[in-house]
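Notes for the structure review
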Amino acid sequence: MLLVRLLLAALLLAGALASPPERALSLLERYKRYSTGGLYTGPFFDPNSPNNITTQLGTHAYLPCKVKQLGNKSVSWIRKRDAHILTVDHYTFIADERFQSFIVEGTETWTLQVKYVQARDQGEYECQVSTEPKMSHFVTLNVVGRCHKYGAE
């Protein structure tokens, strides 16, 4: 009888005897539960964070990266085309002063700001968390020409 109880306990812990709705939870639902219930203690990206940002030439672009339960980990922004580390937390590691990373307290969102966007800024940017192994969320920046009174560029 003790062996049966131990086996049942092990199966319950492994999730094998969970109700069908529990087993069918999506990754998104699990993250939601972990973030509200405190069962998961490591950082993770909000699955609702955008993967594409479109901005006009010459304007400012804001690439968001929402990291939940960051703890003491760092957030870096990396430009994929040349693997250049742009920022780590609030520190900027590129001579181009148009790039800056900031977080609005209470939002869990690290934003890469690109001022006065140029055509060459278009491409993929990586938001990376300093876990082991590293975690990444990619955001593609699309740059479009400005619209003029008598037509589009």
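Residues numbered from 1 in each chain as written. Predicted model: local features only at pLDDT ≥ 70, side-chain atom pairs only at ≥ 80, totals over all residues. Heavy atoms only, no water.

**Notes on the sheet that holds strand β4 (residues 75-79)**
Which entries qualify depends on this criterion: The criterion for strand pairing is that DSSP finds at least two bridges linking the strands in question. Here a helix means four or more residues in a row that DSSP labels H or I, a strand means two or more in a row labelled E, and each is numbered from the N terminus.
With respect to topology, six strands assemble into an open sheet ordered β2-β10-β9-β4-β5-β6, the strand pairing being mixed. Edge positions in the sheet fall to β2 (52-56) and β6 (91-92), since each of these pairs with one other strand and no more.

**Considerations on a nonpolar patch on the surface**
Short version of the rule: Patch members must show over 30% relative accessible area and no salt bridge, and they are joined within 9 Å when carrying like charges or within 5 Å when they are nonpolar side chains of Val, Leu, Ile, Met, Phe, Trp or Tyr. For the area figures, the Shrake-Rupley method with a 1.4 Å probe applies, and any residue is considered shielded solely by the protein chains shown. When a carboxyl oxygen of Asp or Glu lies within 4 Å of a side-chain nitrogen of Lys or Arg, that pair is called a salt bridge.
On the surface, a nonpolar cluster with roughly 350 Å² of combined accessible area is contributed by I85, Y91 and F93. Within the secondary structure, Y91 sits in strand β6.

**Let's talk about unusual backbone geometry**
With an omega dihedral of 0°, the bond running from E132 to P133 counts as a cis peptide bond. With respect to the helices and strands, P133 occurs in the loop between β9 (123-129) and β10 (135-144). Positioned with a positive phi, Y116 is a non-glycine residue whose angle comes to about 45°. Its place among the elements puts Y116 in the loop between β8 (109-114) and β9.

**Looking at the sheet that holds strand β3 (residues 61-68)**
Strands sit in the order β1-β3-β8-β7 across an open sheet of four strands; the sheet is antiparallel. Of all the strands in the sheet, the pair left with one neighbour each is β1 (44-45) and β7 (99-103). Taken together, the two bridges between β1 and β3 define a ladder with antiparallel strand orientation. Its bridge partner being in β3, F44 is matched across the sheet by K68.

**With respect to the environment of I94**
What counts is decided by this rule: Classification of residues uses two cut-offs on accessible area relative to the type maximum, computed with a 1.4 Å probe and protein chains only: under 20% is buried, over 50% is exposed, and between them is partly exposed. Between two residues, a contact is recorded if the distance between any of their heavy atoms is within 4.5 Å.
Take I94: it is sitting in the loop between β6 and β7. The exposure class of I94 is buried, given its relative accessible area of 16%. When the C-alpha positions of I94 and H84 are compared, they lie 7.9 Å apart, and in sequence the two are 10 residues distant. Among all residues touching I94, those that are not within four sequence positions of it are R79, H84, L86 and F99.

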